[in-house]
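Read off the chains here:
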Amino acid sequence: MELPFPPGDAFPNLELTDHNGNRRGLAELAGEDPTVLQFFRGWWCPKEQRFFRRLVALQDEAEVGYARFVSVSVDPPAVSAAFRAGLGARWTFLCDPDHRAVDELGLRETTDTLNNPFVPAVFVLGPGLRVHSAYNGYWFWGRPTATELVTDLRAVSRAIRPDWDAPTPSA
């Protein structure tokens, strides 16, 4: 499956309920910072649990590097909140238990007809929700490594931060 929203496209401004039951928009959550937007099957998938450990290991660096993470699943808020807490994740989890966004975005995994989850996918976004990179994680090895995420976040940061290069004294 080729993912919708290839690099260069603008990602839609999703508005979903978060893990606390509050309505949140993706543009609000991303702000103007580099953002890792992750769609996942659900708490029950061992591949997702392994990938989340990768993200949790990067969250301190993302915070000090002014990058954001947002994760989206079809799990209801209470389940997402429990999963998030168990992982030790500090970023926002968005919930699509009625499966509206999964269909609107064209990201439904068609092989799982019991849960009807999202296809595991990761998008690295820049300002304006512009897609910098997209990873199809249906197979585990299609998901980005920590090094790939850092490389993508560095590229987006370099492009949007006018002060990327430290000022030097005038001679």
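**Regarding the overall build of the chain**
Looking only at helices and strands, the chain has 5 helices and 7 strands in total. Listed N to C, the secondary structure of the chain is β-β-α-β-α-β-α-β-α-β-β-α in terms of helices and strands. Scaling as 2.2 N^0.38, a compact globule of 171 residues should have a C-alpha radius of gyration of about 16 Å, and the chain matches this with 16 Å. Each principal axis of the C-alpha distribution contributes one length, and for the chain these read about 70 × 30 × 30 Å. Here the chain holds 171 residues, and the buried ones make up 46% of them. Carbon and sulfur atoms make up 54% of the accessible area of the chain, which totals about 8,700 Å². In the chain, 17 positive and 22 negative side-chain charges are present, and the distance between their average locations comes to 4 Å.

**Overview of the sheet that holds strand E2 (residues 23-25)**
Here we have 7 strands laid out as an open sheet, ordered E2-E1-E5-E4-E3-E6-E7, and mixed in their pairing. The strands lining the two open edges of the sheet, one partner per strand, are E2 and strand E7 (130-136). The sheet shows a mean angle of 30° between the axes of neighbouring strands, direction not considered. The sheet contact formed by strand E6 (residues 121-126) and E7 spans 6 bridges and is antiparallel. For Gly-126, the partnering residue across the bridge sits in E7 and is Arg-130. Where helix H5 (residues 146-160) meets the sheet, it contacts strand E3 (35-39), E6 and E7, and its direction lies at approximately 20° from that of E6.

**Considerations on the packing of helix H2 (residues 46-64) against H5**
Describing two packed helices takes the angle between their axes plus the distance from one axis to the other. One way to put it is that H2 packs onto H5 with a least axis distance of 10 Å and a crossing angle of 35°. Note that H2 runs across H5; the crossing there is right-handed. In contact with Arg-54, Leu-55, Leu-58 and Glu-61 of H2, H5 contributes Ala-146, Leu-149 and Val-150. Each residue belonging to the contact of H2 with H5 can be placed in one class, and the counts come to 5 nonpolar, no polar and 2 charged.

**Thoughts on the packing of aromatic side chains**
According to the stated counting rule, one finds 17 aromatic pairs in the structure shown. Ring plane angle 50° and centroid distance 4.6 Å describe the contact between Phe-5 and Phe-11, whose orientation is recorded as tilted. The same class applies to Phe-5 as to Phe-11, namely buried.

**A short note on the pairing of strand E5 (residues 92-95)**
Burial along E5 is two-sided: Thr-92 and Leu-94 facing one way and Phe-93 and Cys-95 facing the other are all buried. Here strand E1 (residues 15-18) pairs with E5 via 2 bridges, running antiparallel. Each bridged residue has a counterpart across the sheet, and for Thr-17 the counterpart in E5 is Cys-95. For strand E4 (residues 68-73) and E5, the ladder comprises 4 bridges, and the chain directions are parallel. In the strand pairing of E5, Val-72 is matched with Leu-94.

**Some details on H2**
Helix length check: H2 (19 residues) gives 29 Å between terminal C-alpha atoms against 27 Å at 1.5 Å per residue, within 8%. Taking the largest bend as the criterion, H2 deviates by roughly 45°, centred on Leu-58. For H2, every residue scored as buried is listed here: Glu-48, Phe-51, Phe-52, Arg-54, Leu-55, Leu-58, Gln-59 and Ala-62. Looking at the buried residues of H2, the elements they touch are E3, E4, helix H3 (77-87), E5, E6 and H5.

**A short note on the state of the cysteines**
Taken as a whole and assessed by the stated rule, the structure comprises 0 disulfides. In this structure Cys-45 is a free cysteine whose sulfur lies 17 Å from that of Cys-95, the closest cysteine sulfur available. Taking the relative accessible area as the measure of exposure, Cys-45 reaches 5% and is therefore buried.

So, how was this worked out
Residues numbered from 1 in each chain as written. Predicted model: local features only at pLDDT ≥ 70, side-chain atom pairs only at ≥ 80, totals over all residues. Heavy atoms only, no water. Helix = DSSP H or I, 4+ residues; strand = E, 2+ residues; numbered from the N terminus. Rg over C-alpha atoms; globule rule 2.2 N^0.38 Å. Buried < 20%, exposed > 50% of the residue type's maximum accessible area, 1.4 Å probe, protein only. Areas by Shrake-Rupley, 256 points an atom, 1.4 Å probe, with all protein chains shown as cover. Lys, Arg positive; Asp, Glu negative; His and termini not counted. Charge placed at Lys NZ, Arg CZ, Asp CG, Glu CD. Pairing = 2+ DSSP bridges. Axes fitted to C-alpha atoms, helices over the stretch in contact; angles between N-to-C directions. Contact = heavy atoms within 4.5 Å. Left-handed = near helix turned anticlockwise from the far one by under 90°. Nonpolar A, V, L, I, M, F, W, Y, C, P; charged D, E, K, R; others polar. Phe/Tyr/Trp six-rings, centres within 6.5 Å; stacked < 30°, edge-to-face > 60°. Expected span 1.5 Å × (residues − 1). Bend = angle between axes of the 7 residues up to and from the residue. Disulfide = S-S within 2.5 Å.

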